[in-house]
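One letter stands for each residue in the lines below.
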Amino acid sequence: MATTRTGVRGGIVTGWGISVPDKVVTNDDLSATMDTNDAWIRERTGIRERRIGGTTSQLAIEAGLAALARAGRRPDEIDAVVLATTTPDQIVPGTSATVQDGIGVPGGAFDVNAACSGFVYALAVAHGLLAIGAERLLVIGSETLSRITDWDDRSVAVLVGDGAGAVVLEAVDGPGQLLSWNLGADGSLRHLLMCDHGGYLFMDGKEVFRKAVRVVVDSAEQAIAEAGLTAADVSLLVPHQANLRIISAACQRLGIPEEKAVVVIDRYGNTSSASIPLALVDALETGRLQPGDHVLLTGFGGGMTWASAVLRWGG
Ligand code: ACO
């Protein structure tokens, strides 16, 4: 599913923030308790360390408050909290309710679960709310994958991390920053990446890898075309941070130089729906994003789901 935006009310990102737990777990820390080693993890995934701890709501609240401060907005100016997470604090209520209360947002709150594609899904949904009259939204990706990880299973444990990233999205007259979006899912592949109630994350790593490259490239190409652009027009690629080799393969197939990709997986591991906002905020904080730049956000995850969006920064 893909479309260019034709509405007259768009959105712009006016604030951003992150929160990660203080506790750093290095590859060497993991190799002390399981049969793995720093060289294998770095070579096969690009991960050097990850942050572990906290709750999904606590990290989301901290990231959300940081984004509000950056935007110069008060909580009571926000119409709704849209929280992407696949690791809710509880099954009921939605974790967004805890976040809404913790931040003091008087408006609505709901969770979006599209696994690692969740933040881009949430961003697309938030633009829909702006189009029908919302003024300001807090869009957050927050995860504590460590809570659904079997720390004796090296096939998953070396990959995951905890964290949150948030943006404040404000309505503007005219098209705003979002030039195009592309959302997709194939539920017949849900067995590749799953976690039952009370269970641990299971992943068919090889198959996920294979499918991920294909769906990310297809989705990104559609979003670029819908925006009326070519790969050469993409100034910055903000990909889901699941594996550095997936990011490299996607860059190669898309014809986007790897230097244009934001990489934070070395510091944070795979933080599911938090990974794209963590990378986006890193790019903003290091001055890699200038007004007029075309930013391509693209991710994939359990479901399988995939999602891409092209933004023209500034406005
Ligand atoms: N440390 C050391 N050795 C390991 C480890 C480890 N942690 N894990 C596996 N190995 C060994 C295997 O046993 C195997 O040994 P063998 O050759 O003697 O049999 C060898 O390393 C190669 O294993 P593979 O599974 O073939 O390794 P691969 O190169 O496929 O990398 C990985 C595995 C990193 C999981 C990769 O397949 C991947 O990144 N897949 C996609 C993951 C992903 O994107 N997941 C989606 C998101 S996850 C989420 O949503 C939370």
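About the criteria used
- Residues numbered from 1 in each chain as written.
- Predicted model: local features only at pLDDT ≥ 70, side-chain atom pairs only at ≥ 80, totals over all residues.
- Heavy atoms only, no water.
- Near = heavy atom within 4 Å.
- Polar contact = N/O pair within 3.5 Å; in protein donor to acceptor, adjacent residues only side chain to side chain.
- Areas by Shrake-Rupley, 256 points an atom, 1.4 Å probe, with all protein chains shown as cover.
- 1 Å grid on protein atoms, 1.4 Å probe; cavity = no way out; pocket = protein on both sides within 12 Å on 5 of 7 lines; lining within 4 Å.
- Sits in = over half its atoms within 2 Å of the grid points.
- Helix = DSSP H or I, 4+ residues; strand = E, 2+ residues; numbered from the N terminus.
- Domains from an automatic or database assignment.
- Contact = heavy atoms within 4.5 Å.
- Buried area = accessible area lost by both parts, 1.4 Å probe.
- Salt bridge = Lys/Arg side-chain N within 4 Å of Asp/Glu carboxyl O.
- Buried < 20%, exposed > 50% of the residue type's maximum accessible area, 1.4 Å probe, protein only.

> Got a sec to walk through the site of the ligand? Specific residues and values, please.
Taken together, the neighbourhood of the ligand is formed by 22 residues, with Thr36, Arg44, Arg154, Lys206 and Asn243 sitting nearest. Between the ligand and the protein, one listed contact pairs a nitrogen atom with a side-chain N or O atom of Thr36 at 2.6 Å. About the coverage of the ligand: the protein hides 72% of its 1,000 Å² of free accessible area. Counting atoms within 2 Å of the grid points, the majority share of the ligand lands in the largest pocket. Only α2 (38–45), α7 (205–226) and α8 (244–254) provide two or more residues apiece to the shell around the ligand. Residue contributions to the shell around the ligand peak at 4 residues, all from α7.

> Would you mind going over the domain arrangement of the chain in detail, with residue names and values included?
If you check the domain split of the chain, you get domain 1 (2–172) and domain 2 (178–312). Computed from C-alpha coordinates alone, the two centres of domain 1 and domain 2 are separated by 15 Å. On the domain 2 side, the residues contacting the 53 residues of domain 1 number 48 residues. Here domain 1 packs against domain 2, burying approximately 4,000 Å² in sum over the two surfaces, 67% of which is carbon and sulfur. Here domain 1 is connected to domain 2 by 0 salt bridges. Across the contact surface, domain 1 and domain 2 share 17 residue pairs in polar contact (both at pLDDT 80 or more). At the level of secondary structure, the elements contributing two or more residues to the side of domain 1 that touches domain 2 comprise β1 (2–4), β2 (9–19), α2, β4 (49–51), α5 (118–131), β7 (136–144), α6 (154–157) and β8 (162–176). Looking at the side of domain 1 that touches domain 2 element by element, the count peaks at 7 residues for α5.

> Quick one: what's the story with unusual backbone geometry, residue by residue and with numbers?
With an omega dihedral of 0°, the bond running from Val92 to Pro93 counts as a cis peptide bond. When you line up the elements, Pro93 lands in the loop between β5 (80–84) and α4 (95–103). Note that the residue after Gly303, namely Met304, is joined by a cis bond; omega there is -10°. Topologically, Met304 is positioned in the loop between β13 (294–301) and β14 (305–312). One non-glycine residue, Ala115, lies in positive phi territory at about 50°.

> I'd like a description of the pattern of salt bridges, backed by residues and values.
By the definition in use, this model includes 10 salt bridges. With a closest N to O distance of 3.1 Å, Arg73 and Glu77 form a salt bridge. Glu77 gets classed as buried once you look at its relative accessible area, which sits at 17%. The partner of Arg73 in a salt bridge is Glu170, with the nearest N and O atoms 3.0 Å apart. Residue Arg73 is found in the loop between α3 (56–71) and β5, and its partner Glu170 is found in strand β8; the two are separated by 97 residues along the sequence. Its relative accessible area of 9% is what places Glu170 among the buried residues. In the salt-bridge network here, residues are joined through shared partners; they are Arg73, Glu77, Arg136 and Glu170.

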